[in-house]
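Per-entry structural report
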Amino acid sequence: MGTVKRAFLYVTRKKGKSILLFFVLLIMATFVLSGLSIEKASQEEQKSLRQSLGGFFTISPEYSGKNPYYKLMDDGDGGYTLHTERPLTQEVIDAAAKIDGIEKYDALTPTLVSTNLEVFPGNVPMKDKYNDLVYARTVSGTENNSYFESGTMKLIEGSHITPERSNTAVISKDLAEKNNLKLGDTISLRSAATEADVNVKVTGIYEILKPDSPLKNIITYDKIENQIFIDFNTFQKLMKDMPAGFMTATFTVDDPARLDDIIAEVKNISSVDWRAYAVTADNSAYLEAAAPLEKLQTLVTSMILVIALVSAVILALILTMWGRTRIHETGIFLSLGIRKTKIIGQYLLEVLMIAVIAFSLSYFTSNAVANQLASGLLQQNVSVNEEQQNQDIQAEIKDGYGDDIVYEIKDDNTTPSEQENLQGIESSDIGTSSNVKEISVTVSLFNMLQLYLIGFAIITLSVVVSSGTVMRLKPREILSKMS
């Protein structure tokens, strides 16, 4: 009688043992398969997050002793301003934007201007001429600008500003209606820093989707209705002979995991003297959103290892106890000249026959368990993460932070008033991200293959360990134990 037939007859004859072993293997397989599918889903979700959130890095002029091109200049009012002989130009930005992995960029610089328009007054009075000034926000393009990307504004007429444009402006619908302006009309701008005059044509009109709070204290040039977007060529004319460059350029990369490598490639661009510029990385949005998933993946990996180890121990104990009851059977096989390897092979086949059925059925039980298990573990990680964030926020408020985010602008064309009051990046400009609160888990064929490999390895180890005690005995010793 062959080994396979003997194994099959034993499994069908010992129904009680077979059923017990079936449920042990089914439970083991269900948890291992659930863990494998959750781990894979977590990896896929992290990949999706990387693609949706991306990572960011900024390039800006370096205003410190590291920059050999910066200098202090008397502003004529008893103070001074910082200037650099190598500002952040479109050429530098274009060179960085060619690096593989960079999706888009948003370059900007604000400058205070007076205009022939009737503007919306703020509720915070300013001294002298600053009470009637507005921001001309120079951008590389309005389409990728943070105001439009964040949904604060939406272009409803005309076209977006591009780097190739000249003497163009995009204004708010409110400002256009207040001054009876339409596409193609001309408005005049005068720089508060150089007093240079430039006429620009209205080529786009935007609608404000997220207006300022009526309770917020706002200076006239900070009113969202008064924001005028202009192209870089117009900005150069406003600056006359002063060095003209962008205040900052923010680059979006397609994969936050590659952020450091991409920045390293950017800094290796030989045509750019990087002593003049500061490069700052920011992938906090991805790290914040992915933190619960990374913790989940680590937890699940540990869970799979623990389940596999415990399963091997339990299975080995069960088979060892059953093996001691089969000493008589083993002795007969040995007396018939059947080799020990064939006897162990039979014991292994008996378990594998049951395992094939249990592992196959675990596909259905795992699909039912995996999503609930993943949701529970993920929610726990999210709660811990949010609690930590709340503690950090409370700590910031206690230290005097957490109100309005104010950025000091040290640019070639900023006035003392701008440096005191400029909010270069509004709270609406700052992208926010929410943690992943749900994860969809499905059991794939690859997960099933992993289960069979892990399961068969555990079973083989358990059978070898459990059979070792009996198989080390000589036939005469086995017969003496039988008697």
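Residues numbered from 1 in each chain as written. Predicted model: local features only at pLDDT ≥ 70, side-chain atom pairs only at ≥ 80, totals over all residues. Heavy atoms only, no water.

1. A look at the overall build of the protein chain
Helix and strand counts for the protein chain come out as 13 helices and 12 strands. Here the protein chain holds 483 residues, and the buried ones make up 48% of them. Across the protein chain, contacts joining residues at least 24 apart in sequence account for 81% of those joining residues at least 6 apart. A total of about 24400 Å² of accessible surface is found on the protein chain, and carbon and sulfur atoms cover 55% of it. (Helix = DSSP H or I, 4+ residues; strand = E, 2+ residues; numbered from the N terminus. Buried < 20%, exposed > 50% of the residue type's maximum accessible area, 1.4 Å probe, protein only. Contact = heavy atoms within 4.5 Å. Areas by Shrake-Rupley, 256 points an atom, 1.4 Å probe, with all protein chains shown as cover.)

2. A closer look at the side chain of Asp273
Here Asp273 shows up in the loop between helix 7 (259–267) and strand 12 (277–282). Here the side chain of Asp273 touches Tyr69 through a polar contact of 2.4 Å, side chain to side chain. Within the structure, Asp273 has its side chain in polar contact with the side chain of Arg275 (distance 2.9 Å). When near neighbours in sequence (up to four residues on either side) are disregarded, Asp273 contacts Tyr69 and Arg86. (Polar contact = N/O pair within 3.5 Å; in protein donor to acceptor, adjacent residues only side chain to side chain.)

3. Re the environment of Ile102
Topologically, Ile102 is positioned in strand 4 (residues 102–115). Separated by 153 residues in sequence, Ile102 and Asp255 place their C-alpha atoms 8.8 Å apart. Discounting chain neighbours no more than four positions away, the residues touching Ile102 are Phe57, Ala96, Ala97, Phe251, Thr252, Val253, Ile262 and Val266.

4. Remarks on the confidence of the model for the protein chain
Per-residue confidence for the protein chain averages 78 on the pLDDT scale, and 77% of its residues sit at or above 70. Note that pLDDT drops below 50 for residues 381–386; the model gives that stretch 14 contacts with residues more than four away or on any other chain. Below a pLDDT of 50 lies the segment residues 388–435, which in the model reaches 87 contacts outside its immediate sequence neighbourhood of four places, other chains included. (pLDDT = per-residue confidence, 0-100.)

5. Section: the pattern of salt bridges
Considering all chains together, one arrives at 8 salt bridges under this definition. In this structure, Lys178 engages Glu118 in a salt bridge whose closest nitrogen and oxygen atoms are separated by 3.8 Å. On the criterion of sequence distance, the pair formed by Lys178 in helix 5 (residues 173–178) and Glu118 in the loop between strand 4 and strand 5 (134–139) is long-range, its members being 60 residues apart. Classification of Glu118 by relative accessible area gives partly exposed; the value is 48%. (Salt bridge = Lys/Arg side-chain N within 4 Å of Asp/Glu carboxyl O.)

6. Some remarks on the nonpolar core
As a rule of thumb, soluble globular proteins bury nonpolar side chains together. In terms of nonpolar packing, the biggest core is built from 49 residues, with Phe57, Ile59, Ile228, Phe251 and Val266 touching the most fellow members. Residues in contact with Ile59, not counting those within four places in the same chain, are Leu88, Ala96, Thr248, Ala249, Phe251, Val266, Trp274, Tyr277, Ala278 and Val279. Membership of the second largest hydrophobic core comes to 42 residues, among which are Leu33, Ala41, Met303 and Ile354. (Core = buried A, V, L, I, M, F, W, Y, C linked by side-chain atoms within 4.5 Å.)

7. Some words on helix 9 (residues 327–335)
All buried positions along helix 9 are accounted for by Ile327, Glu329, Thr330, Gly331, Phe333 and Leu334. Positive phi shows up at Gly337, right after helix 9, with a value of about 90 degrees.

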